[in-house]
Amino acid sequence: MSTDPALMTYQPRFMYVDPQFYDLVKADVAAWKNPGPMIGQPAASVVEQFLILENRLVDSDRFEEWIDLFTEDCLYWVPTVTAGADPTTQLCTAFDDHRRLEDRIVRLRTGTAYSQVPPSRTCRTISNLEIWESETPGEIRARCAVVIHEWRVGEMRVIPGWYGYVLRRSPGPKAELSKPGDLRVVRKQVDLVQADVPLRNMTFVI
């Protein structure tokens with residue numbers, strides 16, 4: 001919380017992106033390399049169902065429902081490197097807090113976003129799912145491979161990579177997972193196989 005008098009009476013939601021927040025993001029980059037012990041059933045199945053839902057909503061163009069799966073202090077980001085990503089020193093294809101995600105959806109819904117006229121049609125497949133407890137109480141880490149097929153203006157593209165998720169138990173840190181609605185996305189990292197080469201028109205939700 002800022003102690004600057006100019007900010008004391010107005011704290012926009014995006015104000016959570018501060019130096020400590022970047023430290024969390026950089027810690028994520030390291031954590032994806034060394035998964036902890038996998039969580040057991042039935043919690044693992046609940047996480048899997050949640051991730052399937054999250055991806056299906058994007059492919060179904062149900063963006064308003066999709067963003068409801070994210071926490072108010074969320075991050076969605078896409079590095080432009082294939083290793084050692086650091087958003088404090090490198091450009092990103094996307095680095096969206098909750099406000100920026102809302103802006104992205106509004107822009108897509110206008111029907112006048114030139115780079116998405118006509119809009120991309122996507123179908124993504126996730127696999128090789130790993131799920132483990134985060135070092136932060138009440139949070140879970142998940143990593144999975146992804147292959148996105150995008151169809152637009154008569155051309156099919158295949159975009160492979162992996163997703164890294166930090167998920168939060170919405171009822172509370174000690175709550176048992178019983179259904180996908182018990183989870184929310186805190187941070188989602190999208191690492192693309194070809195992240196370090198020019199990628200034309202990545203204005204759809206990756």
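Since we're looking at a predicted model, the values are computed, not measured.

S.K.: Would you explain the pattern of salt bridges in this entry?
M.R.: Pairing of side chains with opposite charge becomes possible as their charged atoms draw close. The full count for this structure, using the stated rule, is 15 salt bridges. Between R62 and E65 there is a salt bridge; the shortest N-O distance is 2.8 Å. Exposure remark for E65: the relative accessible area of 39% places this residue in the partly exposed category. Where E133 meets R169, a salt bridge forms, and the shortest distance between an N and an O atom there is 3.0 Å. Taken together, the residues E133 in strand β3 (residues 121-133) and R169 in strand β5 (residues 155-169) connect sequence positions 36 residues apart.

S.K.: Help me understand the packing of aromatic side chains, please; the structure alone is not making it clear to me.
M.R.: Describing an aromatic ring pair means giving the distance of the ring centres and the angle of the ring planes. For the coordinates displayed, the defined rule picks out eight aromatic pairs. Relative to F95, the ring of Y22 has its centre 5.5 Å away and its plane inclined at 5 degrees; by these criteria the two rings are stacked. One end of the pair, Y22, is in helix α1 (residues 19-31); the other, F95, is in strand β2 (residues 92-96), with 73 residues separating them in the sequence. A relative accessible area of 24% places Y22 in the partly exposed class.

What counts and what doesn't
- Residues numbered from 1 in each chain as written.
- Predicted model: local features only at pLDDT ≥ 70, side-chain atom pairs only at ≥ 80, totals over all residues.
- Heavy atoms only, no water.
- Salt bridge = Lys/Arg side-chain N within 4 Å of Asp/Glu carboxyl O.
- Buried < 20%, exposed > 50% of the residue type's maximum accessible area, 1.4 Å probe, protein only.
- Helix = DSSP H or I, 4+ residues; strand = E, 2+ residues; numbered from the N terminus.
- Phe/Tyr/Trp six-rings, centres within 6.5 Å; stacked < 30°, edge-to-face > 60°.

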